[in-house]
Amino acid sequence: MASAGFLLLTLAVLNSIGSSQGYAFVEIHCKTQNIGQYEQESRLDCVIHYSERDVVDVEDPEIMVVIWRKEGVEEPVLKYNHGKLTSLPGYSFAEPSWNNKNVNVSLLIHKTAVKDEGVYTCYVFTNSGFNKNQTRLSVTAKYGVPTIQPQPQDIDLNTDGSLTCKSTGYPKGRLSWFDKDDNALLEQPEVEVLKTENGLFLLSSTLKIQGGSAFSQYTCKVFNARGDEEVEKSFNSAGSSQSEAFVKIHCKTQNIGQYEQESRLDCVIHYLEEVEDPEILVVIWSREGVEEPILKYENGKLTSLPGYLFAEPSWNNKNVNVSLLIHKTAVKDEGVYTCYVFTDSGYNINHTRLNVTGEL
Ligand SMILES: *[C@@H]1O[C@H](CO)[C@@H](O)[C@H](O)[C@H]1NC(C)=O
Ligand SMILES: *[C@@H]1O[C@H](CO)[C@@H](O)[C@H](O)[C@H]1NC(C)=O
Ligand SMILES: *[C@@H]1O[C@H](CO)[C@@H](O)[C@H](O)[C@H]1NC(C)=O
Ligand SMILES: *[C@@H]1O[C@H](CO)[C@@H](O)[C@H](O)[C@H]1NC(C)=O
Ligand SMILES: *[C@@H]1O[C@H](CO)[C@@H](O)[C@H](O)[C@H]1NC(C)=O
């Protein structure tokens, strides 16, 4: 209460003397537009200028009060009052060791959030006059590389399905779909816009694909609020001749397993150079003569028959080593295995053989 009372008094004083000469001695020059990067530091630049007359009249100007307020926030975000500095968490003077002779009263926002966007007012009260000025902070967050989620996961040119492209950033941008020749599709799906809890915009666009008529490659591009392309992601639908060219699975053709020991069937995914940030959507390991897949990763979910696992202990969908581990090799494990891999950049299939040796 006490500080609020003081503030009202200060503002009342600032306003009541507003018309008198007090204003003439002190000016606050603020950069009118400041751009802050999401989660980075932002600076609102304001510097005090004393008028020439003032330099004659008052030899040693001294700052008594500085108040930084943000439109819509009740408390000042920063307040210096006769030697005492208080601020809301995450705000400080930009000058690391600011003192009351320092004309640079710029405000530093430590970790910029979307809610920091808006108009700020800086009030300065010195022993030779006072003034206030305003400045604005705009916040931007670069859009992330979009994700493309196909539905169904193993979408190909013969089935109907859809691709959903998503990306998050700020301020509001847009998504557009392009074909393999980099032409914008004539019919662009509607872009859904959601706000995340951090105030960022989550853009989402679902492209319907009709079997047979589909192009082999789709690119989702993200344009920022200024209309500039920021990031993009391509998807190669399975079944097109091109999609197989982007992904290869190199398998050791012959694997020898010791009876009752662990066996590994080594297969590693190789992407073509132009594939950017690929993501594995589906991995299926199957065996001649066994109906169910012996291991299946789909939609982030891993299932397998007992005794089979990925060889990589903490495999994830960026890991190109999709080798299969058989915990305790049995004679019946001998045979040909098939590994299917679907990624968001294409798919492929390869085979490998396990021979079992040892004292039976
Ligand atoms: C406010 O800042 C602008 C931009 O620096 C400046 O032109 C203007 O004179 C300032 N106003 C006051 C009252 O200090
Ligand atoms: C104010 O101080 C900050 C921090 O030292 C500095 O980066 C900025 O350039 C200064 N502003 C002016 C206008 O001198
Ligand atoms: C299958 O694996 C072999 C051996 O690593 C490799 O030469 C071949 O290119 C692979 N085929 C495909 C379609 O990835
Ligand atoms: C795949 O991962 C397994 C387990 O970490 C490892 O032993 C094997 O050497 C890896 N294969 C390749 C080709 O990197
Ligand atoms: C594995 O078994 C197959 C079929 O019996 C055989 O043709 C092949 O030579 C064997 N490979 C090795 C390395 O023993």
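Rules of the game
Residues numbered from 1 in each chain as written. Chains lettered and ligands numbered in written order. Predicted model: local features only at pLDDT ≥ 70, side-chain atom pairs only at ≥ 80, totals over all residues. Heavy atoms only, no water. Helix = DSSP H or I, 4+ residues; strand = E, 2+ residues; numbered from the N terminus. Buried < 20%, exposed > 50% of the residue type's maximum accessible area, 1.4 Å probe, protein only. Lys, Arg positive; Asp, Glu negative; His and termini not counted. Salt bridge = Lys/Arg side-chain N within 4 Å of Asp/Glu carboxyl O. Polar contact = N/O pair within 3.5 Å; in protein donor to acceptor, adjacent residues only side chain to side chain. Contact = heavy atoms within 4.5 Å. Core = buried A, V, L, I, M, F, W, Y, C linked by side-chain atoms within 4.5 Å. Domains from an automatic or database assignment.

Asks: Mind laying out unusual backbone geometry, listing which residues take part and the relevant values?
Replies: A cis amide bond links glutamine 151 to the next residue, proline 152, at an omega of -5 degrees. Within the secondary structure layout, proline 152 lies in the loop between strand E12 (147–151) and strand E13 (161–169). One non-glycine residue, glutamate 39, lies in positive phi territory at about 70 degrees. Structurally, the position occupied by glutamate 39 is in the loop between strand E2 (33–37) and strand E3 (42–44). Phi at asparagine 299 is positive, roughly 60 degrees, even though this residue is not glycine. Note that asparagine 299 resides in the loop between strand E24 (290–298) and strand E25 (301–304). Classification of asparagine 299 as exposed rests on a relative accessible area of 56%.

Asks: Account for the environment of glycine 129, naming residues and giving values.
Replies: Relative to the helices and strands, glycine 129 is located in strand E11 (residues 129–140). Relative accessible area serves as the criterion here: at 10%, glycine 129 is assigned to the buried category. Placed 104 residues apart in sequence, glycine 129 and phenylalanine 25 show a C-alpha to C-alpha distance of 5.6 Å.

Asks: Outline the side chain of lysine 70, listing residues and values.
Replies: Along the chain, lysine 70 turns up in strand E5 (residues 63–70). No salt bridge is formed by the buried lysine 70, whose closest oppositely charged neighbour, aspartate 116, lies at an N-O distance of 6.3 Å. Only 3.2 Å separates the side chain of lysine 70 from the backbone oxygen of glutamate 117, close enough to count as a polar contact. When near neighbours in sequence (up to four residues on either side) are disregarded, lysine 70 contacts Val77, Lys115, Asp116, Glu117, Gly118, Val119 and Tyr120.

Asks: Go over the nonpolar core with me, naming the residues and quoting the values.
Replies: Ranked by size, the top nonpolar core spans 27 residues in total, and within it Ile148, Leu163, Trp177 and Tyr218 carry the most contacts. Taken together, the elements giving at least two residues each to this core come down to E13, strand E14 (174–178), strand E16 (201–209), strand E17 (217–223), strand E18 (229–236) and strand E23 (280–287). Among the elements that take part in this core, E16 stands out by supplying 4 residues, more than any other. If you count residues domain by domain, this core takes at least three from each of domain 2 (147–239) and domain 3 (246–357).

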